[in-house]
Amino acid sequence: MAGGEKAPVRSACVVLLRELSEFYEVPLPEVKVLGVRPHVVSQGVCTYQLFGDYTPATAKIRVWMRTAVLGKVTSFRGLLNTLLHEFCHHLDVRQLGFPGTPHTRGFFIRIDRLYHLALDTPADKRRPLHWIKQGRSWRIDWRKLRG
């Protein structure tokens, strides 16, 4: 990733996705690595950015490898997390047969487990996920994980 070239990053993504797809016995999704994240700036502040997406009808994953505003190469861990996030959408649809793939707490727990398996993080070094309730749904409290 340090060189900022998309092709080697895509190759590494394909290797990981191939291993995961074989393990979970699902078709290999197509992956495309793109440049600067799509984003929205409002009154000089970035209010939205897209890290990746998954299209169930075509089994295609897209991940962006450059930050939204400055266009810098993202971190390896950030891209890995995004790739695994999109792969979990693929698993929901292809293995579990879900017509949709909501961001439930279980969904984020599956991403977290795959992430730490991929990084070979020792169990005692893993930080537990912290949750914040927002209306009827939950979201991860990233500040507690980073702190």
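Residues numbered from 1 in each chain as written. Predicted model: local features only at pLDDT ≥ 70, side-chain atom pairs only at ≥ 80, totals over all residues. Heavy atoms only, no water.

**Focus: a nonpolar patch on the surface**
Together, Val41, Val69 and Leu70 make up a nonpolar patch on the protein surface, roughly 310 Å² of accessible area in all. Assessed through its relative accessible area of 59%, valine 69 is described here as exposed. (Patch = residues over 30% accessible without salt bridge, like charges linked within 9 Å, V, L, I, M, F, W, Y side chains within 5 Å. Areas by Shrake-Rupley, 256 points an atom, 1.4 Å probe, with all protein chains shown as cover. Salt bridge = Lys/Arg side-chain N within 4 Å of Asp/Glu carboxyl O. Buried < 20%, exposed > 50% of the residue type's maximum accessible area, 1.4 Å probe, protein only.)

**Side note on the nonpolar core**
With 29 residues, the main nonpolar core has Cys13, Val31, Ile61, Leu83, Leu84 and Phe87 as its most contacted residues. The set of elements that each furnish at least two residues to this core consists of helix H1 (6-24), strand E1 (30-36), strand E5 (60-66), helix H2 (76-94) and helix H3 (105-119). Each residue touching cysteine 13, except ones within four places of it in the same chain, is listed here: Val31, Val33, Leu79 and Leu83. (Core = buried A, V, L, I, M, F, W, Y, C linked by side-chain atoms within 4.5 Å. Helix = DSSP H or I, 4+ residues; strand = E, 2+ residues; numbered from the N terminus. Contact = heavy atoms within 4.5 Å.)

**Describing the pairing of E5**
Two strands pair when backbone bridges link them, and E1 and E5 are joined in this way by six bridges, in the parallel orientation. Its bridge partner lying in E5, valine 36 is registered against arginine 66. Relative to E5, strand E4 (residues 52-55) is paired through four bridges, and the arrangement is antiparallel. Each bridged residue has a counterpart across the sheet, and for threonine 55 the counterpart in E5 is lysine 60. What sits between E4 and E5 in their antiparallel hairpin is a turn of four residues, with alanine 59 showing a positive phi close to 55°. (Pairing = 2+ DSSP bridges.)

**A short note on the pairing of strand E2 (residues 39-42)**
With four bridges connecting them, E2 and strand E3 (residues 45-49) associate as antiparallel partners. In the sheet register, valine 40 faces E3, and the bridge partner there is tyrosine 48.

**Some points on the environment of phenylalanine 98**
Looking at the secondary structure, you find phenylalanine 98 in the loop between H2 and H3. The class for phenylalanine 98 is partly exposed, based on a relative accessible area of 37%. It is 19 Å that separates the C-alpha atoms of phenylalanine 98 and serine 137, two residues lying 39 residues apart in sequence. With residues near it in sequence (within four places) discarded, phenylalanine 98 still touches Asp92 and Val93.

**Quick word on the pattern of salt bridges**
This model, assessed by the stated rule, comprises three salt bridges. Residue arginine 62 pairs with aspartate 53 through a salt bridge whose shortest N-O separation is 2.6 Å. A residue is classified by how much of its surface remains accessible, and aspartate 53, at 17% relative accessible area, is buried. The partner of arginine 143 in a salt bridge is aspartate 141, with the nearest N and O atoms 3.7 Å apart. Using a relative accessible area of 7% as the deciding quantity, one classes aspartate 141 as buried.

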